[in-house]
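Here are the chains, one letter per residue:
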Amino acid sequence: MKAQEIRELTDDEIDAQIETARAELFNLRFRASFEEADTGVIRTTRRTIARLLTIRQERQQVGDADV
């Protein structure tokens, strides 16, 4: 998921995406511990989580500056 796509989401949708991505990452890591897994998918998922968290943090900082 690209940053521009994330910026078009609402705050609630971003939070839902973070939860979904974290659950997916957990499952990928769990599968990787028992069998060979595609490390590229794990890497992509981690980066997507980082993008989601970064944009959520940016929005919180902007919201705090307005107060």
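This section reports on the structure supplied with the text.

Conventions we followed
- Residues numbered from 1 in each chain as written.
- Predicted model: local features only at pLDDT ≥ 70, side-chain atom pairs only at ≥ 80, totals over all residues.
- Heavy atoms only, no water.
- Core = buried A, V, L, I, M, F, W, Y, C linked by side-chain atoms within 4.5 Å.
- Buried < 20%, exposed > 50% of the residue type's maximum accessible area, 1.4 Å probe, protein only.
- Helix = DSSP H or I, 4+ residues; strand = E, 2+ residues; numbered from the N terminus.
- Contact = heavy atoms within 4.5 Å.
- Patch = residues over 30% accessible without salt bridge, like charges linked within 9 Å, V, L, I, M, F, W, Y side chains within 5 Å.
- Areas by Shrake-Rupley, 256 points an atom, 1.4 Å probe, with all protein chains shown as cover.
- Salt bridge = Lys/Arg side-chain N within 4 Å of Asp/Glu carboxyl O.
- Lys, Arg positive; Asp, Glu negative; His and termini not counted.
- Charge placed at Lys NZ, Arg CZ, Asp CG, Glu CD.
- Phe/Tyr/Trp six-rings, centres within 6.5 Å; stacked < 30°, edge-to-face > 60°.

## Overview of the nonpolar core
So, point 1. One finds I6, L9, I14, I18, L52 and I55 forming the largest nonpolar core, which totals six residues.
So, point 2. Elements with a contribution of two residues or more to this core: α2 (11-34) and α3 (39-66).
So, point 3. Those residues in contact with L52 that lie beyond four places of it in its chain are M1, I6, I14, Q17 and I18.
So, point 4. Grouped together as the second largest cluster of nonpolar side chains are five residues, A21, L25, L28 and I49 included.

## Focus on a positive patch on the surface
So, point 1. Together, K2, R29, R43, R46, R47 and R51 line one region of the surface with positive charge.
So, point 2. The element contributing the most residues to the positive patch is α3, with four residues.

## Structural notes on the pattern of salt bridges
So, point 1. One pass over the structure, following the stated rule, counts three salt bridges.
So, point 2. Notably, a salt bridge pairs R59 with D11, separated by 2.8 Å at the nearest N-O pair. Note that R59 is positioned in helix α3 and D11 in helix α2, a separation of 48 residues in sequence.
So, point 3. The class of R59 is partly exposed, set by a relative accessible area of 27%.
So, point 4. With a shortest N-O distance of 3.1 Å, R56 and D15 are connected by a salt bridge. In this pair, R56 sits in helix α3 while D15 sits in helix α2, placing the two residues 41 residues apart along the sequence.
So, point 5. Residue D15 is classed as partly exposed on the basis of its relative accessible area, which comes to 28%.

## Some points on the packing of aromatic side chains
So, point 1. All chains considered together, the criterion is met by two aromatic pairs.
So, point 2. Ring centres 6.3 Å apart and planes at 20° place the aromatic pair F26 and F30 in the stacked group. Linking F26 with F30, this pair stays in helix α2, spanning four residues, or about one helical turn.
So, point 3. Where F30 meets F34, the ring centres are 5.0 Å apart and the plane angle is 70°; that geometry is what we call edge-to-face. Here F34 and F30 lie together in helix α2, a separation of four residues that amounts to about one turn.
So, point 4. On the basis of relative accessibility, which here comes to 48%, the residue F30 falls in the partly exposed class.

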